Amino acid sequence: MRSSSPYDFTKAKKELVAAFGEDAIQDLHETSPFLDWFTLAFHWALFLGLVFLLGWLPALSPLWILCFLVQGFVIMAFGYVLHDFFVHRFVGGKRFSYWMGLFTGFVAYLLRTPYAETHYDHHLHTGTDPDEAYKDDLDTRWKRLLFLTPVGYLLAFHRELESERAARFPAPEGTFKLDKEARRRARFERRFLLCCWAVLIGLAVLWPRFVLYGYILPLFLVLPVANVFRTILEHGETNPKNLFHCATYYRTGPLTRFLFFWDAGDCHLVHHIFPNIPFYRMGKAVDLFRPFLVGRGVRERRSLLQLLHGYFVRNEPHRTLWSA
C-alpha cells in the first residue's frame, strides 16, 4: 500500500544514511539478545515487585505514593515493550512474539493484533486525517482535562468526543481497518483478555490489597495521566512541511527516556524514520542525529513545562507547529 503521509520517511532515511554512512546506521540497528531478555525479565520483576510493595506498605505513605505513581508508568511501559519487542522486532520469533505479546498487552490493556495492525498503518500513514484521529478530537481545554481520567480516555478513544474539521491529508479508503484474518485473531484475543480478567478477579478475592493497589488503581488513575504526557511527547507538535518533523522534538534525558522506554520526544521522531532501532540504541541514535535534524529546521523543545502550558493553557492544536 502506498503511503499517504505528509512525511516522506524514505527520503528522510536516505538523507540520514548519506550523511552518516550505512555502517553507522547498521550499528544502531544491532540487537543484543542479552539486553532483550534481561529487559523482559526486569519489567516483569519490577511490575510484580511493585504489586507486592503496594499491597504490603501502608497505603498513602510517602513510599507507597511513589511506588503507586511509578507503577502507572511501568504499566505503560508494557505497551512500549509490546511495541518494540513484539510488533517491530519480533524478539524470540513470530510465534513467541505473538503469545508473549498477548500477556504483555494484557498488562497495558491492549489487544495485540488490533494494536499491531493499526500501528503499522500509523507508520505508513503518519499525520493523515484518520491517523490517531481521536487525539485531534481533543481540541478544547475541557476535553484535554477530561482526557486525564479513565472516562475521558475511553470517550476519546471511541470517538465520543469527535470534532468536525477540514480535511488535510486524507488516507486511502480502508486504511486503519482490520482485514478478516485480523478480526478473527482480535476476537480470540478479546476472549483471552476476558479470561485474564477472570483470573485477576479470582486473585482479587484472595489478595484484594495487592490486586487493587498494585494493579487496578494505577491502571485507572495513573496510566491515563501518563498517557497524556505520551500524547504530547509523541505527535503533539509536528510540522507537515518538514519531512523530518513528524513528532514533538523534545530533548529527553535519562529520566524521561526510562519512563517512556526510549520512545517519546526526540526518540519517537527517530523511531518513525528508523522503526527497528532497539530501545537500547535509541539514545545513541538521538544524540548522533540531533545536529543534523536541528540543521534541517526541526524545532527542539527543552522545557516539558512549556509543552504542558502549550497543550493545556494555550490549547495548541494537536499535530501542528506550535507557537514559539
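Predicted, not measured: the structure shown is a model, and the values here were computed from it.

What counts as what
Residues numbered from 1 in each chain as written. Predicted model: local features only at pLDDT ≥ 70, side-chain atom pairs only at ≥ 80, totals over all residues. Heavy atoms only, no water. Patch = residues over 30% accessible without salt bridge, like charges linked within 9 Å, V, L, I, M, F, W, Y side chains within 5 Å. Areas by Shrake-Rupley, 256 points an atom, 1.4 Å probe, with all protein chains shown as cover. Salt bridge = Lys/Arg side-chain N within 4 Å of Asp/Glu carboxyl O. Lys, Arg positive; Asp, Glu negative; His and termini not counted. Charge placed at Lys NZ, Arg CZ, Asp CG, Glu CD. Helix = DSSP H or I, 4+ residues; strand = E, 2+ residues; numbered from the N terminus. Contact = heavy atoms within 4.5 Å. Expected span 1.5 Å × (residues − 1). Buried < 20%, exposed > 50% of the residue type's maximum accessible area, 1.4 Å probe, protein only.

1. Focus on a negative patch on the surface
Reasoning step 1: Residues Glu22, Asp23, Asp27 and Glu30 make up a contiguous surface patch of negative charge.
Reasoning step 2: With respect to the secondary-structure elements, Glu30 resides in the loop between helix 2 (22-28) and helix 3 (33-56).

2. Regarding the side chain of His43
Reasoning step 1: Topologically, His43 is positioned in helix 3.
Reasoning step 2: Apart from residues lying up to four places away in sequence, His43 is in contact with Ala77, Phe78, Val81 and Phe261.

3. What about helix 3?
Reasoning step 1: Taking 1.5 Å as the rise per residue, helix 3 with 24 residues should run 34 Å; its terminal C-alpha atoms sit 34 Å apart, in good agreement.
Reasoning step 2: Where helix 3 is concerned, the buried positions are Asp36, Thr39, Leu40, His43, Phe47, Leu50, Val51, Leu54 and Gly55.

4. Considerations on the pattern of salt bridges
For side chains of opposite charge, pairing can occur when their charged atoms come near one another.
Reasoning step 1: Going through the model one piece at a time under the given rule, you end up with 24 salt bridges.
Reasoning step 2: For Asp36, the salt bridge goes to Arg89, with nearest N and O atoms at 2.9 Å. Note that Asp36 is positioned in helix 3 and Arg89 in the loop between helix 4 (62-88) and helix 5 (94-107), a separation of 53 residues in sequence.
Reasoning step 3: Under the relative-accessibility criterion, Asp36 is labelled buried at 5%.
Reasoning step 4: Among the ionic pairs, Glu300 bridges to Arg302, the shortest N-O distance being 3.1 Å.
Reasoning step 5: Under the relative-accessibility criterion, Arg302 is labelled exposed at 59%.

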